[in-house]
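Results of the structural survey
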Amino acid sequence: FRRICIDIVIVNVLLLIGLQAFLFLFRLEDFSRYVLLIFLVLETVLVCGKHIAIWTLLRQMRRKGHFLREILLVGGSEEALLCSRELNADPILGGRVIGYVADSDSLEELEYLGRTEDLLSVLLERKPDEVLAAADNGTSLNITELTHICDASGVQLSVILPYNSKRSAGVRLDSVNNIPLLVM
């Protein structure tokens, strides 16, 4: 949240500098600089206050179980378990894991909803908002099959990449002529 407020301050300062340059270029000298300063302060405080109020309200609503996306995990890998723990531990992330499908019942913390062959029927029955699949999910399904199944049922698919704690560089998305790339 602090980063958002810092960005708001930076944008407002740049806006003030641009407005000052405009006033200088067009020789509009009868406009008070104090009015601009008051505008900068008030606008920054009000926008940051609005963000605080909305975030607080959303956090309280999500703690009560409202506005949460229901997420179905595919695969019983360690990455999937770690991701489910993070999602369930912090409601502000907006997701609640409802269970998982895998070739075997390997995660004791989560509800086992069936085998991967039954994924389409589980999606149609439980109607989750999102499917979260580990890239190395240890199941008989590959990403292409998962994409087709999720498209057929109208569910968003997200993929958990293998986690490497020794990796210092960030991960970003890129594309080459509309071909998605994951750059690490």
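Use the structure listed above.
Source: prediction; values computed, not measured.

**Focus on the state of the cysteines**
- One pass over the full model with this rule turns up zero disulfides.
- The thiol of Cys-5 is not disulfide-bonded; the next cysteine sulfur, from Cys-48, is found 3.3 Å away.

**With respect to the packing of aromatic side chains**
- Taken as a whole and assessed by the stated rule, the structure comprises two aromatic pairs.
- On the numbers, 4.8 Å between centres and 50° between planes, the contact of Phe-22 with Phe-26 is tilted.
- Residue classification places Phe-26 among the exposed positions, given a relative accessible area of 54%.
- The ring centre of Phe-24 lies 6.0 Å from the NZ or CZ of Arg-27, which sits over that ring.

**Concerning unusual backbone geometry**
- Although it is not a glycine, Phe-67 adopts a positive phi angle of roughly 60°.
- Take Phe-67: it is sitting in the loop between helix H2 (33–63) and strand E1 (69–74).
- Owing to a relative accessible area of 56%, Phe-67 belongs among the exposed residues under this scheme.
- Backbone geometry places Lys-127, a non-glycine residue, at a positive phi of 50°.
- You can see Lys-127 is positioned in the loop between helix H4 (119–126) and strand E4 (130–134).

What counts, and where the lines are drawn
Residues numbered from 1 in each chain as written. Predicted model: local features only at pLDDT ≥ 70, side-chain atom pairs only at ≥ 80, totals over all residues. Heavy atoms only, no water. Disulfide = S-S within 2.5 Å. Phe/Tyr/Trp six-rings, centres within 6.5 Å; stacked < 30°, edge-to-face > 60°. Buried < 20%, exposed > 50% of the residue type's maximum accessible area, 1.4 Å probe, protein only. Lys NZ or Arg CZ within 6 Å of the ring centre and 35° of its normal. Helix = DSSP H or I, 4+ residues; strand = E, 2+ residues; numbered from the N terminus.

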